[in-house]
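Commentary on secondary and tertiary structure
Residues per chain are reported as follows:
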Amino acid sequence: MRCHSAVNCDVTGHAGFAKPRPGRYVQATLVNGAAAMILYPAIDLKDGACVRLYKGDMDKATVFGEDPAAQARSFVDAGCEWLHLVDLNGAFAGKPVNAAAVEAILAATNVHAQLGGGIRDMATIEAWLDRGLARVILGTVAVRDPALVKQAAKAFPGKVAVGIDARDGMVAVEGWAETTDITATDLARQFEDAGVAAIIYTDIDRDGAMQGPNVAATAALANAVSIPVIASGGVSSLDDLRALKNSGAALDGAISGRALYDGKIDLAEAVALLKSQ
Ligand code: AMZ
């Protein structure tokens, strides 16, 4: 496994994500242009298949393939260094549902993979990391039980990310079926100094809508905390990726789903664009 230039790596070769404080980081990178970022191709799993939803609605799923491992391999062949996996049924059920598909992906690929959806307790976190995931993503439990997230981040440095999915700035949980009264920024701030590897910030109204990411909200969140932020939702062109890269915040990466499946973004080009400085 290779180390990525946007992050620090520990001896295992896994990303450590020890990002300096935003101010210093932005200043340092602006001298030579925007910092390198990681492109995370998304594989969302519903009933064992690769799908994309429209704004998180399970009834508005487009099925892109029945073989998640083959899909993962094709992303890896195109040059991605990470995979972003979501167990959609798991996010609704509160426990892993598409574990067989995830395991098939892990067996078929040799890049880092992060997984969210239904990971709600320490035993599940540990089990997934044992099975070779580089990082687990905790969403609902970050709202319901932030102490568990902090405990996990301490136990598994660099391997615990928080998924913050927001609708009009307010955090949504349980497969986005429920909107809470906590803002994305307030939730993110709870994990400052907890050793969380990254925050994956999704703007729900952009997700699967192909209307561009919420650059301003993503940059504002990234500038409000020192935790590395990965942008998600709405990326539909290379220009969208350029906008995130030049957002004025040091983002660690961007997730792309539907645009890759629709052929609107060429994965190799996107990886190269985000890597360039
Ligand atoms: O699209 C959805 N309805 C959806 C989705 N993509 N609901 C949840 N999720 C993802 C989150 C995060 O990665 O973006 O599931 C994860 C959170 O799951 P949980 O079970 O921890 O809340």
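Here the structure is a predicted model, which is why all the values come from computation and not from measurement.

Quick look at the environment of Gly195 now. Within the secondary structure, Gly195 sits in the loop between helix H8 (184-189) and strand S10 (198-203). When the C-alpha positions of Gly195 and Ala152 are compared, they lie 9.2 Å apart, and in sequence the two are 43 residues distant.

Looking now at the pairing of strand S2 (residues 49-54). Where strand S1 (residues 38-46) meets S2, three bridges bridge the pair, whose relative direction is antiparallel. By the bridge assignment, Lys46 is partnered in S2 with Ala49. Taking the residues between adjacent antiparallel strands as the criterion, S1 and S2 are bridged by two residues, where Asp47 takes a positive phi near 50 degrees. In this sheet, strand S3 (residues 57-65) lies alongside S2 in antiparallel orientation, the contact comprising five bridges.

With that settled, consider the site of the ligand. Neighbouring the ligand are 20 residues, the closest being Gly56, Gly116, Gly139, Thr140 and Gly163. Its residues placed into classes, the shell around the ligand shows ten nonpolar, nine polar and one charged.

Let's shift gears to the packing of helix H2 (residues 68-77) against helix H4 (residues 99-108). Relative to each other, H2 and H4 sit at 35 degrees, their axes nearing to 8 Å. The hand of the H2/H4 crossing is right-handed. Listed contacts from H4 to Pro68, Ala69, Ala72 and Arg73 of H2 are Ala101, Ala104, Ile105 and Ala108.

Before going further, it helps to spend a moment on the confidence of the model for the chain. On average, the chain scores 90 in pLDDT, and the residues at 70 or more come to 88%. In this model, residues 1-31 is a region of pLDDT below 50 whose contacts with residues beyond four sequence positions or in other chains number 53 contacts.

Calculation criteria
- Residues numbered from 1 in each chain as written.
- Predicted model: local features only at pLDDT ≥ 70, side-chain atom pairs only at ≥ 80, totals over all residues.
- Helix = DSSP H or I, 4+ residues; strand = E, 2+ residues; numbered from the N terminus.
- Pairing = 2+ DSSP bridges.
- Near = placed C-beta within 6 Å.
- Nonpolar A, V, L, I, M, F, W, Y, C, P; charged D, E, K, R; others polar.
- Axes fitted to C-alpha atoms, helices over the stretch in contact; angles between N-to-C directions.
- Left-handed = near helix turned anticlockwise from the far one by under 90°.
- Contact = placed C-beta atoms within 7 Å.
- pLDDT = per-residue confidence, 0-100.

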